[in-house]
Amino acid sequence: MEHEKILGLLENRQYKILKDELENCYPVDIAELMEELDEKQVLIIFRLLDKDNAAETFSYMNGDMRETLINALTDSELEEVMDEMYLDDVVDVLEELPANVVDRLLMATDEETRQQINSLLKYPENSAGSVMNVEYIGLRPDMTVEEAILKIRQVGINKETIYTCYVTDKRKLIGVVDVKDLLTNSDTRTMEEIMDTNVLYAHTLDDQEDVAQMINKYGLVAIPIVDREGYLVGIVTVDDAMEVLQDETTEDMSMMAGISPTEDSYFGTSVFQHAKSRSVWLIFLMLSATFSGLVLDHFSPVILAMPVLNAFVPMLTGTGGNCGSQSSTLVIRGLTVGEIEFKDIFKVIFKEVRVALMVGVFLAVINGIRVVIMYQGKVESPMLLAFALGITLICTITLAKVVGCTLPLAAEKIGLDPAIMAAPLITTIVDTCTTFVYFTIVCWIFRLSA
């Protein structure tokens, strides 16, 4: 629905028509549209939604809107919303709200649900246990197909997924059965006869990103989560995996741009928070650039002897920084999708060095032609200058690509996020090294003294 149409129906108090229109909208779209409305209008629209849509729409809202609604809704309305939401969505909501609001939400749930929520909240942040859902279909090994289908009909409406069912023996996971297996087998066959015992699973303390990558790699609808003893305690579904991967990608993009990650949206983050998240890295990078200044200061006699050398510093440092960023981006992507591991470091370096030599020679030739044409008659030996710049380019590009590919791998090895070693940091390191290499080569070729 268009924003103007909603406002028109609200202003004219045509609530019956609006209610009918909202039934044809997806909850995620309703949540997005409600962000553009004022508090009173949000409350009216939310109360026009049926229970199922209201609960799902609530799970898609941002933290501020949720808090506003919680303060405006009655206890009975809150209880209805909480009853219709899946537990993993409830936990996600609670983690973003202030303590006093969380207490009110927990009071709106029954004792059993409250215990399940508290158990999920105790798992470490970013672990599989913190994003799993305890609402799954569990079957006994001696159950027949007919009994299993009957159970799905009875309890499936309250489960997040019914497409994959889990066979347990005294709560220990022993196999999985798809709905397709149930529909294509005789009613008298047991779960033990038709279940797949080669089960992919994860542990509660596994990193949530690793679990999401498993779901993506093997094309799963859901993956079972077991504790240390092998007892089935929950599942992580594909929609949760997509959300985890989106959050991790957003975090990596922020870190690669030299910005401290934040969970809020762009417009949901204040100007002060934006400035704070960006300033930390900018201060560090600004101070680290001091080393480039020290190198230039050291070679100041060379610059005085040949002032034209200064004109090529931006080109060399820019090219080196860009080459390093290219390599780091490819390696970080490879680490993220599991294509590259630390043991591949020498293979990666060997490949990047060969790429660097090819690119370096090509750029050196192009730049050499440019220098000879532009500086003919302006410097004493344009050919010699072009040669010095060509050697510097080859060395700079090789150095940048080696630094760009090894730093993310080293970060992964010591347990840091490889995205930290991205464009801003690599560019700063390469700038200093490039400046030193450039003037060293020039001094050697032109026999100048620093």
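Here is a short report on the structure shown in this document. (Residues numbered from 1 in each chain as written. Predicted model: local features only at pLDDT ≥ 70, side-chain atom pairs only at ≥ 80, totals over all residues. Heavy atoms only, no water.)

## Quick word on the overall build of the protein chain
Stage number 1. For the protein chain, the count of helices and strands is 23 helices and 6 strands.
Stage number 2. Relative to the globule expectation of 22 Å for 450 residues, the C-alpha radius of gyration of the protein chain, 30 Å, shows a markedly less compact shape.
Stage number 3. Overall size of the protein chain, expressed as C-alpha extent along the three principal axes, is 90 × 60 × 35 Å.
Stage number 4. Across the 450 residues that make up the protein chain, the buried fraction comes to 44%.
Stage number 5. Intrachain contacts of the protein chain at a sequence separation of at least 6 include 67% that bridge at least 24 residues.
Stage number 6. As displayed, the protein chain offers around 24,800 Å² of accessible surface, 57% of which is attributable to carbon and sulfur atoms. (Helix = DSSP H or I, 4+ residues; strand = E, 2+ residues; numbered from the N terminus. Rg over C-alpha atoms; globule rule 2.2 N^0.38 Å. Buried < 20%, exposed > 50% of the residue type's maximum accessible area, 1.4 Å probe, protein only. Contact = heavy atoms within 4.5 Å. Areas by Shrake-Rupley, 256 points an atom, 1.4 Å probe, with all protein chains shown as cover.)

## Regarding the packing of aromatic side chains
Stage number 1. Within this structure, the stated rule accounts for 6 aromatic pairs.
Stage number 2. With a centroid separation of 5.3 Å and an interplanar angle of 50°, the aromatic rings of Phe312 and Tyr375 are classed as tilted. Here the residue Phe312 occupies a position in the loop between α19 (300-305) and α20 (313-336), and Tyr375 occupies one in the loop between α21 (345-374) and α22 (382-413), the gap between them amounting to 63 residues. Accessibility classification places Phe312 together with Tyr375 in one group, the buried group.
Stage number 3. Through pairs of rings, three or more aromatic residues link up here, namely Phe299, Phe436, Tyr438 and Phe439.
Stage number 4. The cationic tip of Arg171 hangs over the ring face of Tyr231; the distance from NZ or CZ to the ring centre is 4.8 Å.
Stage number 5. Across the ring face of Tyr231, the terminal group of Lys172 is positioned such that the distance to the ring centre comes to 5.6 Å. (Phe/Tyr/Trp six-rings, centres within 6.5 Å; stacked < 30°, edge-to-face > 60°. Lys NZ or Arg CZ within 6 Å of the ring centre and 35° of its normal.)

## Some words on the side chain of Thr319
Stage number 1. Examined against the element boundaries, Thr319 turns out to sit in helix α20.
Stage number 2. Polar contacts involving the side chain of Thr319 include one to the main-chain carbonyl oxygen of Met315, which spans 2.7 Å.
Stage number 3. Setting aside residues no more than four positions away along its own chain, Thr319 makes contact with Leu363, Leu393 and Ile397. (Polar contact = N/O pair within 3.5 Å; in protein donor to acceptor, adjacent residues only side chain to side chain.)

## Some details on a negative patch on the surface
Stage number 1. A contiguous patch of negative charge on the surface is contributed by Glu23, Asp50, Asp52, Glu56, Glu79, Glu80, Asp83, Glu84, Asp110 and Glu112.
Stage number 2. Per-element tally for the negative patch: the top contributor is helix α7 (residues 75-84), with 4 residues.
Stage number 3. Mapping Glu79 onto the fold places it in helix α7. (Patch = residues over 30% accessible without salt bridge, like charges linked within 9 Å, V, L, I, M, F, W, Y side chains within 5 Å. Salt bridge = Lys/Arg side-chain N within 4 Å of Asp/Glu carboxyl O. Lys, Arg positive; Asp, Glu negative; His and termini not counted. Charge placed at Lys NZ, Arg CZ, Asp CG, Glu CD.)

## Points about the packing of α21 against α22
Stage number 1. One way to put it is that α21 packs onto α22 with a least axis distance of 8 Å and a crossing angle of 155°. Judged by the angle between their axes, α21 and α22 are roughly antiparallel. Both α21 and α22 take part in a crossing whose hand is right-handed.
Stage number 2. Here the contact of α21 with α22 is built from residues that sort into 24 nonpolar, 6 polar and 2 charged. (Axes fitted to C-alpha atoms, helices over the stretch in contact; angles between N-to-C directions. Parallel < 35°, antiparallel > 145°, perpendicular 65-115°, else oblique. Left-handed = near helix turned anticlockwise from the far one by under 90°. Nonpolar A, V, L, I, M, F, W, Y, C, P; charged D, E, K, R; others polar.)

## Some remarks on the environment of Gly320
Stage number 1. Mapped onto the elements, Gly320 comes out in helix α20.
Stage number 2. C-alpha of Gly320 to C-alpha of Asn71: the two residues are 249 residues apart in sequence and 55 Å apart in space.
Stage number 3. In this structure, Gly320 is in contact with Thr396, Ala400 and Val430, ignoring residues within four places of it in sequence.

## So, the pairing of strand β5 (residues 222-226)
Two faces, one strand: in a regular strand the side chains alternate between the faces of the sheet.
Stage number 1. Among the 5 residues that make up β5, 5 are buried, leaving the element largely enclosed by the rest of the structure.
Stage number 2. Here β5 shows two buried faces, one formed by Ala222, Pro224 and Val226 and the other by Ile223 and Ile225.
Stage number 3. Direction of pairing for β5 relative to strand β6 (residues 232-237): antiparallel, over a ladder of 5 bridges. Residue Pro224 lies in a different strand from β6, and its bridge partner there is Ile235. (Pairing = 2+ DSSP bridges.)

## A few points about a nonpolar patch on the surface
Stage number 1. Nonpolar side chains collect at one region of the surface, where Val361, Val365, Ile369, Ile373 and Met374 lie side by side and expose about 480 Å² of accessible area between them.
Stage number 2. Considering the arrangement of structural elements, one finds Val365 in helix α21.

## Brief notes about the pairing of β6
Stage number 1. Most of β6 sits inside the fold, with 6 of its 6 residues counted as buried.
Stage number 2. Between β5 and β6, which pair antiparallel and follow one another directly, the connecting turn spans 5 residues, one of which, Gly230, has a positive phi of 90°.

## What to know about α20
Stage number 1. For α20, which comprises 24 residues, the first-to-last C-alpha distance of 34 Å matches the rise-based estimate of 34 Å (1.5 Å per residue) to within 8%.
Stage number 2. Where α20 ends, the next residue or the one after it, Gly338, has phi of about 80°, a positive value. (Expected span 1.5 Å × (residues − 1).)

## As for the sheet that holds strand β2 (residues 164-169)
What links the strands of a sheet is backbone hydrogen bonding, and the strands pair in either a parallel or an antiparallel sense.
Stage number 1. Taken together, the 3 strands give an open sheet; going across it, the order is β1-β2-β3, and neighbouring strands pair in mixed fashion. Each edge of the sheet is formed by a strand with only one pairing partner; in this case those strands are β1 (138-139) and β3 (172-178).
Stage number 2. Pairing between β2 and β3: 6 bridges, direction antiparallel. Bridging from a neighbouring strand, Asp169 pairs with Lys172 of β3.

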